[in-house]
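Breakdown of the fold
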Amino acid sequence: MKGRHTVQRQLLLALVLLCAGLLAACNRQDAQPQGSGSGTNLTIGVPGMRLLFDRDTLSVPANAQISLTFNNSNAGLQHNWVLVRGGDSVAAAVNDGGQTQPDFLPSDRSQIIAATRVLNSGESETISFTAPGPGSYSFICTVPGHFIGGMKGVLRVE
Ligand SMILES: [Cu+2]
């Protein structure tokens, strides 16, 4: 029985040390300035003169704070980056609703999670948003003709 008590004491000690370590780790995280370490940074651009984003898949953790920089590195054309609350059918509806609007976004923004403004060639913009729950969400460019031309991709939320 004596040996068993020793094992129990050692387990208890290990547990106490583990808790102390976890608390220390939590305190260190709390001490960090906001935006460093806890968020996810993404960058996306446009290759050459093509109607494409330079990445067709982005992955982020569910509910993470996202900072996304869209560089319109395309030589000559305007583009935006619009993340919708669903797949391609939702993307098509958002795209259709924005075609005649000055900013190419529908007046009803309920199906839009995040969007940059329309950027001229050479401009960039960084936007912040909270990732939705797990799933696949389409991102598109709503400048007329671009989504139809294939300017789209998928944000995977895990
Ligand atoms: Cu575009």
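Residues numbered from 1 in each chain as written. Predicted model: local features only at pLDDT ≥ 70, side-chain atom pairs only at ≥ 80, totals over all residues.

**As for the environment of V46**
Inspection of the secondary structure puts V46 in the loop between β1 (40-44) and β2 (57-60). The spatial distance from the C-alpha of V46 to the C-alpha of F70 is 8.6 Å, given a sequence separation of 24 residues. If we ignore the near neighbours within four places in the chain, the residues touching V46 are L52, F53, D54, N72, S73, N74 and H79. (Helix = DSSP H or I, 4+ residues; strand = E, 2+ residues; numbered from the N terminus. Contact = placed C-beta atoms within 7 Å.)

**Details of the nonpolar core**
Among the nonpolar cores identified, the biggest contains 27 residues, and V82, L83, V84 and I140 are the most heavily contacted of them. Breaking this core down by element, the ones donating at least two residues are β2, β3 (65-71), β4 (82-84), α2 (88-98) and β7 (135-140). Leaving out residues up to four positions away in the same chain, V82 has contacts with V94, L105, I112, A115, F139, I140 and T142. (Core = buried A, V, L, I, M, F, W, Y, C linked by C-beta atoms within 7 Å. Buried ≥ 20, exposed ≤ 12 C-beta atoms within 10 Å, placed from the backbone.)

**With respect to unusual backbone geometry**
Outside of glycine, negative phi angles account for most residues, and trans bonds account for most peptide bonds. Of note, the phi angle at N63 is positive, near 65°, even though the residue is not glycine. Tracing the chain through its elements places N63 in the loop between β2 and β3. Residue N63 is classed as exposed on the basis of its C-beta count, with 12 C-beta atoms lying within 10 Å. Although it is not a glycine, F104 adopts a positive phi angle of roughly 60°. Relative to the elements of secondary structure, F104 occurs in the loop between α2 and β5 (112-115). The exposure class of F104 is buried, given the 24 C-beta atoms found within 10 Å.

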